[in-house]
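Below, each chain spelled out in residue letters.
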Amino acid sequence: MHIDEALRKRLIQTVAETVIAHAEDLTELDQAIGDGDHGLNMRRGFEAVLADRDKIAAQSLPKALHAVGMTLVMKVGGASGPLYGTLFMQLGKSIPDEPTLADATEALAAAFGAVKMRGKSDVGAKTMLDVIAPVLAALRDGADPRGLPALADAAAAATKPMRAVRGRASFLGDRSIGHIDPGARSTALILRAICDTLGAA
Amino acid sequence: MSNVGIVIVSHSPDVAKGAADMVRQMVGEEVPLAWCGGNADGGLGTQVQDILDAIDRAWSEAGVAILVDLGGAETNSDMAIELLPEERRDRVVVCNAPVVEGAVVAATEASGGSPLAVVRATAEELSP
């Protein structure tokens, strides 16, 4: 797929605006089981990405993804900075200039591995990995990408009965059960924004 | 100074500064020491750039041991280490230890000239 500069701009715009628009919902989820700053931190990070939109979009797809990641690392100011930063930076390292769906799938697989290492976590621990893993599995099974946003939403909702073992939520132990993980939710939101933009292109 | 440097990273600048004050009073000036904490809006949080700057201020050829409080402080410190120039990267470690006690114990060990691995191991003895 050829993702030209105009489309890169739209991708950055849509993803950033989606995160910013949901900042309060994300913060509310985080107040239940974390320290209540996920939405604020993500908003700060994506506002910085949005401010640099044109400069980032002018670069090749791999470099643009890397630049988004680096901006999040430097601006977010919470654990989600390095986690989302690592996700985007690894996508940038692994994706070619004009990726096929198979290329994008393998780049996501590499990013999944990198986030797992950065967060010292794994599937089932009530994190963003619980959304990326089923999306990756569906892509590998050759699923229609149009079904991915709904799959990601369901995967985020499925973190509700899980017990957190990483991050601040882990201090709550069993009390973390019964709430959707904010990182899983933001991952599903970002994925939907990407799919919608690419689907309309 | 050739003693291992100590960096204290807390979500709260008050906690980080307080821990650093304790290190100075209990261990003295023999150890390079820096702290950081708080997010860009003046709230609680940790920032990669602040951690990079603190590592720079506490830099020692013998390396730097970082003490952190909670989740994001550790993840951001790991990230900061990865962004260091290659020749420094292998000489900075995050200690798995409580931030206040760990800082004092690590600094005490560092003040005697112990290498980074020993400073880290001594701080980590505090963790169950």
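The preceding data block contains the structure.
Residues numbered from 1 in each chain as written. Chains lettered and ligands numbered in written order. Predicted model: local features only at pLDDT ≥ 70, side-chain atom pairs only at ≥ 80, totals over all residues. Heavy atoms only, no water.

## A closer look at the environment of Asp103 of chain A
All names here are of chain A.
- Positionally, Asp103 belongs in helix α7 (residues 101–119).
- Exposure remark for Asp103: the relative accessible area of 27% places this residue in the partly exposed category.
- With 102 residues separating them along the chain, Asp103 and Met1 place their C-alpha atoms 9.9 Å apart.
- Leaving out residues up to four positions away in the same chain, Asp103 has contacts with Pro96 and Glu98.
- In this structure the side chain of Asp103 is engaged in a polar contact, spanning 3.0 Å, whose partner is the backbone nitrogen of Thr100. (Helix = DSSP H or I, 4+ residues; strand = E, 2+ residues; numbered from the N terminus. Buried < 20%, exposed > 50% of the residue type's maximum accessible area, 1.4 Å probe, protein only. Contact = heavy atoms within 4.5 Å. Polar contact = N/O pair within 3.5 Å; in protein donor to acceptor, adjacent residues only side chain to side chain.)

## Regarding the interface of chain A and chain B
- With 18 residues of chain A at the interface, the matching set in chain B holds 20 residues.
- Per-residue buried area on chain A facing chain B is highest for Arg44, Met74 and Arg118 of chain A; these three make up 36% of the total on that side.
- Joining chain A to chain B, the criterion identifies four salt bridges.
- With its nearest N and O atoms 2.9 Å apart, the salt bridge here joins Asp41 of chain B to Arg44 of chain A.
- Within the residue set of the side of chain A that touches chain B, elements represented by two or more residues are α3 (38–51), α5 (61–75) and α6 (80–94) of chain A.
- With four residues, α6 of chain A is the single largest residue contributor to the side of chain A that touches chain B.
- When grouped by side-chain class, the residues that make up the side of chain A that touches chain B number eight nonpolar, four polar and six charged. (Buried area = accessible area lost by both parts, 1.4 Å probe. Salt bridge = Lys/Arg side-chain N within 4 Å of Asp/Glu carboxyl O. Nonpolar A, V, L, I, M, F, W, Y, C, P; charged D, E, K, R; others polar.)

## Some details on helix α1 (residues 5–21) of chain A
All names here are of chain A.
- In this model, α1 (17 residues) spans 24 Å end to end at C-alpha, consistent with the 24 Å of a helix rising 1.5 Å per residue.
- Residues Leu7, Arg8, Leu11, Ile12, Val15, Ala16, Thr18 and Val19 constitute the buried set of α1. Along the axis of α1, the buried positions cluster into a sector of 160°, meaning they face one direction only. (Expected span 1.5 Å × (residues − 1). Arc of directions from axis to C-beta.)

## As for the state of the cysteines
Residue and element names in this part refer to chain B.
- Taken as a whole and judged by the stated rule, the model has zero disulfides over all chains.
- Cys95 forms no disulfide, and the closest cysteine sulfur to it belongs to Cys36, at a distance of 14 Å.
- For Cys95, a relative accessible area of 2% corresponds to the buried category. (Disulfide = S-S within 2.5 Å.)

## Overview of the nonpolar core
- Counting 49 residues, the largest nonpolar core has Phe46, Leu72, Tyr84, Leu87, Phe88 and Ile190 of chain A as the members making the most contacts within it.
- If we skip the residues at most four places from it in the chain, Leu72 of chain A touches Gly45, Phe46, Val49, Gly81, Tyr84, Gly85 and Phe88 of chain A. (Core = buried A, V, L, I, M, F, W, Y, C linked by side-chain atoms within 4.5 Å.)

## Observations regarding the packing of helix α2 (residues 23–33) of chain A against helix α10 (residues 182–200) of chain A
All names here are of chain A.
- Remark: α2 packs on α10, axes separated minimally by 9 Å, with the N-to-C direction vectors making an angle of 160°. Our classification of the angle between α2 and α10 gives roughly antiparallel. Where α2 abuts α10, its residues Leu26, Leu29, Asp30 and Ile33 lie against Pro182, Arg185, Ser186 and Leu189.
- For the contact of α2 with α10, a count of residues per class yields five nonpolar, one polar and two charged. (Axes fitted to C-alpha atoms, helices over the stretch in contact; angles between N-to-C directions. Parallel < 35°, antiparallel > 145°, perpendicular 65-115°, else oblique.)

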